[in-house]
Amino acid sequence: GKRSVTVTVRKNDSIIFFGYVEPNTYQQGFAYPIEELTINAIDALSTLQYDNFMDITVKNYETQKCAADSKSFKQIIVELFKGVRNDMSGFKILYTPKWDVNPSSALTSTQFLDNLYLSELSFIGDDFDDVETNEDVLEKILMYLNYHIVQIGTTFYIFHWDKIKSLNTKWVNLENG
């Protein structure tokens, strides 16, 4: 399967890479008694390309399309990662708000992502062949917000370059921040 074998690289007890053996990609010769075997690993973020949005399959396409709803950007982003979350101890999505939040206000650092809504139908299309992958959905949402994402170990960092360049970066846990 797409996430059947995990790959973890540690340095001094810290996970610096977490991913999976890339599905169906290995090379092995068969001409000699002893051969070299090459196995490719990809980070967990890259495996989003193997999942259809909302886990849509040919069999459940109509049901999922009828069940589609409007969800916040935050809800959609968090749900995109459900396929990798279960394999990762210490899984986190950290995010740096593009705008500073006034500490005296009732706003939270993730409230603007909670208040931006989008129809899931935007990513489903008119037939099964039009269903987007989780990677495509994440890319479109982040592009709209002018954000980027990187994975380091078991943590996913969602950021805006201007906040990083300002050296005034406050990281907030997207799920419960």
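Above this text is the structure in question.
Everything quoted here is computed from the prediction, not taken from an experiment.

Calculation criteria
Residues take numbers from 1 onward in each chain, read along the sequence in its written order. Where totals are concerned, whole chains, interfaces and linings use all residues; where local detail is concerned, this predicted model gives features only for residues with pLDDT of at least 70, and gives and counts side-chain atom pairs only at 80 or more. Excluding hydrogens and water, the side-chain values take into account all heavy atoms of the structure. Secondary structure is summarised from DSSP: a helix means a run of H or I of at least four residues, a strand means a run of E of at least two, and numbering begins at the N terminus for each. Whenever a nitrogen or oxygen atom comes within 3.5 Å of another N or O atom, the pair is scored as a polar contact, on the condition that within protein one atom can donate a hydrogen and the other can accept it, and that pairs from neighbouring residues in sequence are kept only if both atoms are in side chains. Only heavy atoms matter for contacts: two residues are in contact if any of them lie within 4.5 Å across the pair. A residue counts toward a patch only above 30% relative accessible area and without a salt bridge, and it is joined to like-charged neighbours within 9 Å or, for Val, Leu, Ile, Met, Phe, Trp and Tyr, to nonpolar neighbours within 5 Å. Computed by Shrake-Rupley with a 1.4 Å probe, the accessible areas treat only the displayed protein chains as cover when residues are assessed. A carboxyl oxygen of Asp or Glu within 4 Å of a side-chain nitrogen of Lys or Arg is what we treat as a salt bridge. Here the positive residues are Lys and Arg and the negative ones are Asp and Glu; neither His nor the chain ends is included. A charge is said to be at NZ when it belongs to Lys, at CZ for Arg, at CG for Asp and at CD for Glu. The buried label applies to any residue whose accessible area, calculated with a 1.4 Å probe on protein chains only, is under 20% of its type's maximum; exposed applies above 50%, and partly exposed to all values in between. The pairing test for Phe, Tyr and Trp rings, Trp by its six-membered ring, is centres within 6.5 Å, and the orientation test on the planes gives stacked under 30 degrees, edge-to-face over 60, and tilted for anything in between. Residues enter a nonpolar core if they are buried and are Ala, Val, Leu, Ile, Met, Phe, Trp, Tyr or Cys, with the set joined through side-chain atoms within 4.5 Å. A helix is expected to reach a length of 1.5 Å times the quantity of its residues less one.

Peer 1: Let's hear about the side chain of His160: which residues, and what values?
Peer 2: Among the structural elements, His160 can be located in the loop between strand S8 (155-159) and helix H6 (161-165). At a separation of 3.3 Å, a polar atom in the side chain of His160 contacts the side chain of Asn146. Apart from residues lying up to four places away in sequence, His160 is in contact with Thr96, Lys98, Leu145, Asn146 and Tyr147.

Peer 1: Would you mind going over unusual backbone geometry in detail, with residue names and values included?
Peer 2: In the Ramachandran plot, Asn12 falls in the positive-phi region, its phi being about 55° despite a non-glycine side chain. Positive phi outside glycine occurs at Asp13, with the angle close to 65°. Turning to its location among the elements, Asp13 is positioned in the loop between strand S1 (6-11) and strand S2 (14-28).

Peer 1: Before we move on, can you summarise a negative patch on the surface with the specific residues and values?
Peer 2: Residues Asp126, Asp127, Asp129 and Asp130 make up a contiguous surface patch of negative charge. Here Asp129 shows up in the loop between strand S6 (117-119) and helix H5 (134-145). Classification of Asp129 as exposed rests on a relative accessible area of 70%.

Peer 1: Any details on the packing of aromatic side chains? Residues and values, ideally.
Peer 2: Any two aromatic rings considered together are summarised by their centre-to-centre distance and by the angle between their planes. Counted under the stated rule, the structure contains 9 aromatic pairs. Centre to centre, the rings of Phe73 and Tyr144 are 5.9 Å apart; their planes meet at 70°, and the pair counts as edge-to-face. Here Phe73 is found in helix H2 (residues 73-80), whereas its partner Tyr144 is found in helix H5, with 71 residues between them in sequence. The buried category is assigned to Phe73, whose relative accessible area is 6%. On the basis of relative accessibility, which here comes to 63%, the residue Tyr144 falls in the exposed class. Judged by centre distance (5.0 Å) and plane angle (75°), the ring pair of Tyr157 and Trp171 falls under edge-to-face. With a gap of 14 residues between them, Tyr157 in strand S8 and Trp171 in the loop between H6 and strand S9 (172-173) connect regions that are remote in the sequence.

Peer 1: Can you break down the nonpolar core residue by residue, with the values?
Peer 2: Soluble globular proteins: nonpolar side chains tend toward being buried together. Formed by 35 residues in total, the largest nonpolar core has its most connected members in Phe53, Phe81 and Phe156. Elements represented by at least two residues in this core include exactly S2, H2, strand S5 (92-95), H5 and S8. Look past the residues within four positions of Phe53 in its chain and what remains in contact with it is Ile76, Leu80, Glu120, Phe123, Ile124, Val131, Glu132, Thr133, Asn134 and Val137.

Peer 1: Got a sec to walk through the pattern of salt bridges? Specific residues and values, please.
Peer 2: The final tally for this structure, using the stated rule, is 8 salt bridges. When the shortest N-O distance is used, the salt bridge between Glu120 and Lys71 registers 3.4 Å. Remark: Lys71 occurs in strand S4 (residues 70-72) and Glu120 occurs in the loop between S6 and H5; sequence separation between them is 49 residues. An identical accessibility class is assigned to Glu120 and Lys71; each is buried. In this structure, the salt-bridge partner of Glu175 is Arg85, at a minimum N-O distance of 2.0 Å. Of this pair, Glu175 sits in the segment after S9 while Arg85 sits in helix H3 (residues 82-85), and the two are 90 residues apart along the sequence. For Glu175, a relative accessible area of 31% corresponds to the partly exposed category.

Peer 1: Would you mind going over H5 in detail, with residue names and values included?
Peer 2: An ideal rise of 1.5 Å per residue puts 16 Å on 12 residues; H5 measures up with 17 Å between its terminal C-alpha atoms. Contacts from the buried residues of H5 go to H2, helix H4 (111-115), strand S7 (148-152) and S8. Following H5 by one or two positions, Asn146 has its phi on the positive side, about 60°.

Peer 1: Which residues make up the environment of Asn134, and what are the values?
Peer 2: Summarising the element assignment, Asn134 is placed in helix H5. Judged by relative accessible area, which is 6%, Asn134 ranks as buried. The spacing of Asn134 and Asp51 is 83 residues in sequence and 5.8 Å in space, taken between C-alpha atoms. Here Asn134 is in contact with Leu48, Asp51, Asn52, Phe53, Met54 and Leu80, once residues within four sequence places are set aside.

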